[in-house]
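# Notes for the structure review
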Amino acid sequence: MSQSALSLDIALLKKYIVDADLEAQQTRVTTAHSRLMNKTCMGHDFLGWIHLPWRIESELDRIQNIAAEIQDNADHLIIIGIGGSYLGARAAIEFLADPFLRNDKVLYFGHHLGSDYTASFLDYVMQKNVYINVISKSGTTTEPAVSFRLLRHMLSGKYSQDELARRIITTTDVSSGILREMTNSANYRSFAIQDDIGGRFSVLSPVGLLPIAVAGFDIEAIVAGARDMAQACANESGILENDALKYAAARYALYQKGKCVEVFSTFEPGAYFIAEWWKQLFGESEGKEHKGIFPTSATLTTDLHSLGQFMQEGSRILFETFLTIGKSRFDIVIPTINSDADKLNFVAGQTVEFVNQQAYVGTKYAHFDGDLPNMTVELSERNEYALGQLFYFFEFAVAISGLLLGINPFNQPGVEAYKQNMFALLGKDGYEERKSVLDKQINGE
Ligand code: PA5
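First things first, this report covers the structure right here in the doc. Residue indices begin from 1 for each chain and proceed along its sequence in written order. pLDDT decides what is reported in this predicted model: residues at 70 or higher carry local features, side-chain atom pairs at 80 or more are listed and counted, and totals for whole chains, interfaces and linings draw on all residues regardless. Just so you know, side-chain values use all the structure's heavy atoms and leave hydrogens and water out.

Helix length check: helix α7 (residues 142-155) (14 residues) gives 20 Å between terminal C-alpha atoms against 20 Å at 1.5 Å per residue, within 8%. Exposed residues in this analysis have more than 50% of their type's maximum accessible area, buried residues have under 20%, and partly exposed residues fall in between, with area computed by a 1.4 Å probe over protein chains only. The helix and strand labels rest on DSSP assignments: H or I over at least four residues marks a helix, E over at least two residues marks a strand, and numbering proceeds from the N terminus. Turning to α7, its buried residues are Thr142, Glu143, Pro144, Ser147, Phe148, Leu151 and Leu155. In a helix, the anticipated span is given by 1.5 Å times the number of residues less one.

It suffices for a single heavy atom of a residue to lie within 4 Å of a molecule or strand for the residue to be listed as near it. Neighbouring the ligand are 13 residues; Ser85, Ser136, Ser138, Thr141 and Gln280 lie closest to it. Contacts described as polar in this section are N or O atom pairs within 3.5 Å, which, within protein, must combine one atom able to donate a hydrogen with one able to accept it, while residues neighboring in sequence count only if both atoms come from side chains. Here an oxygen atom of the ligand sits 2.6 Å away from a polar atom, N or O, in the side chain of serine 136. The accessible surface values rely on the Shrake-Rupley method and a 1.4 Å probe; as for residues, cover is taken only from the protein chains in view. Across the complex, the protein chains shield 89% of the 380 Å² of accessible surface that the ligand would expose by itself. Note on residue classes: Ala, Val, Leu, Ile, Met, Phe, Trp, Tyr, Cys and Pro are nonpolar, Asp, Glu, Lys and Arg are charged, and everything else, Gly too, is polar. Considered class by class, the residues forming the shell around the ligand number one nonpolar, nine polar and three charged.

It is worth spelling out the sheet that holds strand β6 (residues 189-193) at this point. Two strands make a pair as long as DSSP finds a minimum of two bridges between them. Across the sheet, five strands lie side by side as β3-β2-β4-β5-β6; this open sheet has parallel pairing. The outermost strands of the open sheet, each flanked by one partner alone, are β3 (106-109) and β6. Across the sheet, the mean angle from the axis of one strand to that of its neighbour is 20°, orientation sign disregarded. Relative to β3, strand β2 (residues 76-80) runs parallel, the two being bridged by four bridges. What sits directly across from isoleucine 79, in β3, is tyrosine 108. Between N-to-C directions, angles cover 0 to 180 degrees, with each direction set by a line fitted to C-alpha atoms, over the stretch in contact for helices.

Before going further, it helps to examine unusual backbone geometry. The amide bond that connects leucine 300 to the next residue, threonine 301, takes the cis arrangement and shows omega of 5°. Mapped onto the secondary structure, threonine 301 falls in the loop between β8 (294-299) and α14 (308-313). For arginine 102, which is not glycine, the phi torsion reads 60° and is therefore positive. Along the polypeptide, arginine 102 turns up in the loop between α5 (87-96) and β3. Overall, the relative accessible area of 49% leaves arginine 102 in the partly exposed class.

It is at 9 Å that the axes of helix α2 (residues 26-38) and helix α16 (residues 384-405) come closest, and there the two elements cross at 120°. Relative to α16, the element α2 lies oblique. The crossing of α2 and α16 is right-handed. On α16, the residues touching Arg28, Val29, Ala32, His33, Leu36 and Met37 of α2 are Phe396, Ala399, Ile400, Leu403 and Leu404. Partitioned by chemical class, the residues of the contact of α2 with α16 number nine nonpolar, one polar and one charged. The labels follow the angle: roughly parallel below 35 degrees, roughly antiparallel above 145, roughly perpendicular from 65 to 115, and oblique for the rest. We call a crossing left-handed when the near helix sits turned anticlockwise from the far one by less than a right angle, and right-handed when that turn is clockwise. Contacts between residues were defined by any pair of non-hydrogen atoms, one from each residue, lying within 4.5 Å.

Distances and angles like these do not, on their own, reveal function.
Listed below in structure tokens is the structure:
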């Protein structure tokens, strides 16, 4: 049992945090760890993710069988979902896929309400042979619900009622919600999201694993990586021995020193959606009661030419977590050109990966010198097993981190505010009072 594919290096926090700062938190971390593992912490009804890498095993065959059917019979699987109901799958698929050609077996819909995109998307998929996986735990989230209705309506002109029903797979609450009712009455095939698993902790459930399997990746290896990480995280409550705890404790120590923005920096475009998944996980888990570290991200070296100036010399509210990958899949060597007209022979013979690594090392010391404390999460390889370790590592770390902040990491009450206003503005029954308050605000009264 190990955290073998993932390691955390905090050496460049040293101007801000020494071992004594971390050790000073050991008692609080031990309490958080034991409350989490004993299920006595805040939000203890939502801890199903802790043992998910074991619980999911009995469902893997069914997930893989349906994935194989979709691979054989469809140009695309359209996943309809937003937030935790789609980001994990997208993070995995884009990370594991060919970085340039990507993987278009899975298409994403229902994660925004952009009208032009929606029209163009529907136009495209009408020409294709598609299956749909609509993912919504509550079954009431507006963006995916509207998108599902639009897609059903369009596709009902293309497929018979029975054929359309055969092509729809729902992933929703075990027994309640509108999507579960629709599933039962239309006889859709379905996967259940257990009551004790929240959206952003659901990537290792059918929410994430069905789309990932359809995209052709090895979900058993992802689950194996997560299982090994889960075991390591459960067994060890020492900050210096358990990297997930060390990461949570280091973030908390930085927060106490006024560092309230964390930049998650990657050096691979394919990790862009890992950062998006990470931002949702940390933002929605921690940002409560006017507390928390604001999570943001940068793709380097690209963003060194946009955000780099601020990171190096702007307000000193930031700290940075790099995600690096130990070994690229492909080596590409920069050629020697005798004329050296572009004066680049000093890197001739080196791989692009080597140059990228020097960019990382150069950046982390430049940021360190500029009083931007940073740490590095390194994945040994870009593969399914390592990714499973990464998913579980950050889930465990954010749980501890939220408990250190004294908030419930497993709810998201703040997400309701915009929904209430939107429902009121759209005239949904039951929102009349809210509508009259809004009308006054809008009219400047
Ligand atoms: O992490 C969460 O709980 C949220 O981001 C949800 O996943 C998101 O709001 C979508 O909710 P639902 O699956 O109910 O449609």
